[in-house]
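# Observations on the three-dimensional arrangement
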Amino acid sequence: MNIYVIGVGLIGGSIALDAKGLNPDAKIFGIDSNEKHLQEAIALGVIDEAATFDDLSKADFVIVSVPVDTAIVVLPTVLDLISDSAIVFDVGSTKTPICEAVAGHPRRRNFIATHPIAGTEFSGPSAAIKGLFQGKTNIICEVEKTTFKLQERALLLFSAIGMRIRYMDPKSHDKHIAYVSHLSHISSFMLGKTVINKEKDEQDIFDMAGSGFESTVRLAKSSPAMWTPIFKQNKKQVVKTLEEYISNLSKFKDLLVNDDYEAIYHEMESVNRIKEILNGMNAKK
């Protein structure tokens, strides 16, 4: 089995490690615009060899794990170069632009649009880890447009590395992910910005920062090169979620200004039920 990973970072590299663990005879090839990433990935055992797009005719699997603005350019080219028996999937956090980019391609049947809901705040080949996808959800969009035999091969891999499958149309995916992922990252980035701006005069802020602050701004360590294109592609949905979030923040500020602590208490109490939702999600896993 020849597996080609385009973009050897956290997600692509982690899939490669799991695939190699399942099938030691598989050959993992890496394609990346960053030569240092390729050499690092080889040294770490994430991939076996570096490759180029010209080699894709030999591929059985192609994993496109690049920023989403690059993915919409790369995917049609990849489909041009593969054999009729190869399966291609992306792992991007936006799905409508991705699906639109390949909609009219003659080899659309060889592509399956996926979004594994997994990851860390780190990037690059050194961030790749085995078992990253165990118990995680993989959103698949427009599965009916992928030929059934290739669907089966992809789903077998996803299942074998521990992912649970959820089917969703691209627009619904982009709407829902704006709330639970994209807004979370913006909140983390902007909280980090707020504190950094004050740190210029008040080093004590960082001296007092505890685990709560660290966990809240963890996502602010994420790659801007990856997240800027995501916000651009999902702008409409992200703006909607920001408007709702900003409205809630403003209401909370007004309650505080007006000394309405009973209302503040009830606001927080009503949100406490999120722990029941999260506990239910974890139980399903």
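This text follows the structure it describes.
Residues numbered from 1 in each chain as written. Predicted model: local features only at pLDDT ≥ 70, side-chain atom pairs only at ≥ 80, totals over all residues. Heavy atoms only, no water.

## Some remarks on the pattern of salt bridges
- Applying the stated criterion across every chain, the model contains ten salt bridges.
- Of the charged contacts, one joins Glu49 and Lys27 as a salt bridge, the two residues approaching to 3.2 Å between their closest N and O atoms. Here Lys27 lies in strand 2 (residues 27–31) and Glu49 lies in strand 3 (residues 49–50), a separation of 22 residues in the sequence.
- A residue is classified by how much of its surface remains accessible, and Glu49, at 35% relative accessible area, is partly exposed.
- Using a relative accessible area of 32% as the deciding quantity, one classes Lys27 as partly exposed. (Salt bridge = Lys/Arg side-chain N within 4 Å of Asp/Glu carboxyl O. Helix = DSSP H or I, 4+ residues; strand = E, 2+ residues; numbered from the N terminus. Buried < 20%, exposed > 50% of the residue type's maximum accessible area, 1.4 Å probe, protein only.)

## Some details on the nonpolar core
- Ranked by internal contacts, the top residues of the largest apolar core, which has 33 residues, are Ile3, Val46 and Phe89.
- Considering every element that reaches this core, the biggest residue donor is helix 1 (residues 10–22), with six residues.
- Apart from the residues lying within four places of it in its own chain, the contact partners of Phe89 are Ile15, Phe61, Val62, Ile63, Val64, Phe111, Ile112, Thr114, Leu157 and Phe158.
- Ile6, Val78, Ile98 and Val102 belong to the second-largest nonpolar core, a separate cluster that totals 26 residues. (Core = buried A, V, L, I, M, F, W, Y, C linked by side-chain atoms within 4.5 Å. Contact = heavy atoms within 4.5 Å.)

## A short note on the packing of helix 10 (residues 235–257) against helix 11 (residues 261–271)
- For the pair helix 10 and helix 11, the least separation of the axes is 8 Å and the interaxial angle reads 145°. Note on element contacts: helix 11 touches helix 10 through Tyr261, Ala263, Ile264 and Glu267, opposite Phe252, Leu255 and Leu256.
- Partitioned by chemical class, the residues of the contact of helix 10 with helix 11 number six nonpolar, no polar and one charged. (Axes fitted to C-alpha atoms, helices over the stretch in contact; angles between N-to-C directions. Nonpolar A, V, L, I, M, F, W, Y, C, P; charged D, E, K, R; others polar.)

## Quick notes on helix 3 (residues 68–81)
- Given a rise of 1.5 Å per residue, 14 residues ought to cover 20 Å, and the 20 Å separating the end C-alpha atoms of helix 3 matches this to within 8%.
- Its maximal kink placed at Val74, helix 3 deviates by approximately 35°, while the proline Pro76 follows within four residues.
- Every buried residue belonging to helix 3 is among Val68, Ala71, Val74, Leu75, Pro76, Val78 and Leu79, and all of these are buried.
- Where helix 3 is buried, its residues touch strand 1 (2–6), strand 4 (61–64), strand 5 (87–90), helix 4 (96–102), strand 6 (111–116) and helix 9 (224–233). (Expected span 1.5 Å × (residues − 1). Bend = angle between axes of the 7 residues up to and from the residue.)

## Considering a positive patch on the surface
- A contiguous patch of positive charge, built from Lys171, Lys175, Lys236 and Lys240, is present on the exposed surface.
- Counting only elements with at least two residues in the positive patch, the list comes to helix 6 (170–199) and helix 10.
- Mapped onto the fold, Lys240 is located in helix 10. (Patch = residues over 30% accessible without salt bridge, like charges linked within 9 Å, V, L, I, M, F, W, Y side chains within 5 Å. Areas by Shrake-Rupley, 256 points an atom, 1.4 Å probe, with all protein chains shown as cover. Lys, Arg positive; Asp, Glu negative; His and termini not counted. Charge placed at Lys NZ, Arg CZ, Asp CG, Glu CD.)

## Side note on the pairing of strand 6
- Counted residue by residue, strand 6 has six buried out of six residues, so it is predominantly covered.
- Here strand 6 shows a buried face lined by Phe111, Ala113 and His115 and a second buried face lined by Ile112, Thr114 and Pro116.
- The parallel pair strand 5 and strand 6 is bridged by helix 4, and the resulting crossover is right-handed.
- Pairing of strand 6 with strand 7 (residues 137–141), which is carried by four bridges, proceeds in the antiparallel orientation. (Right-handed = clockwise from strand over helix to strand, strands pointing away. Pairing = 2+ DSSP bridges.)

## Remarks on the environment of Glu144
- Inspection of the secondary structure puts Glu144 in the loop between strand 7 and helix 5 (148–160).
- Counting along the chain gives 131 residues from Glu144 to Gly13, while the straight-line C-alpha distance between them is 27 Å.

## A closer look at the environment of Lys36
- Within the secondary structure, Lys36 is located in helix 2 (residues 35–44).
- Taking the C-alpha atoms as reference points, Lys36 and Arg107, 71 residues apart in sequence, are found 32 Å from one another.

## Concerning the packing of aromatic side chains
- Inspection of every chain in the model, using the stated rule, returns three aromatic pairs.
- An angle of 85° between the planes, with centres 5.1 Å apart, marks the rings of Phe89 and Phe158 as edge-to-face. Here Phe89, found in strand 5, pairs with Phe158, found in helix 5; they are 69 residues apart in sequence, far enough to count as distant.
- Classification of Phe158 as buried rests on a relative accessible area of 1%.
- Ring centres 5.6 Å apart and planes at 40° place the aromatic pair Trp227 and Phe231 in the tilted group. One end of the pair is Trp227 and the other is Phe231, both in helix 9 and four residues apart, which spans about a single turn. (Phe/Tyr/Trp six-rings, centres within 6.5 Å; stacked < 30°, edge-to-face > 60°.)

## Some thoughts on the sheet that holds strand 7
- Across the sheet, eight strands lie side by side as 3-2-1-4-5-6-7-8; this open sheet has mixed pairing. Whereas interior strands pair on both sides, the edge strands pair on one side only; in this sheet they are strand 3 and strand 8 (164–167).
- With four bridges connecting them, strand 7 and strand 8 associate as parallel partners. Opposite Ile140, over in strand 8, you have Tyr167 as the bridge partner.
- Across the sheet, helix 1 lies against strand 1, strand 2, strand 4 and strand 5, angled at about 165° from strand 1, the strand it touches most.
- Relative to the sheet, helix 5 contacts strand 4, strand 5, strand 6, strand 7 and strand 8, its axis offset from that of strand 5 by approximately 55°.

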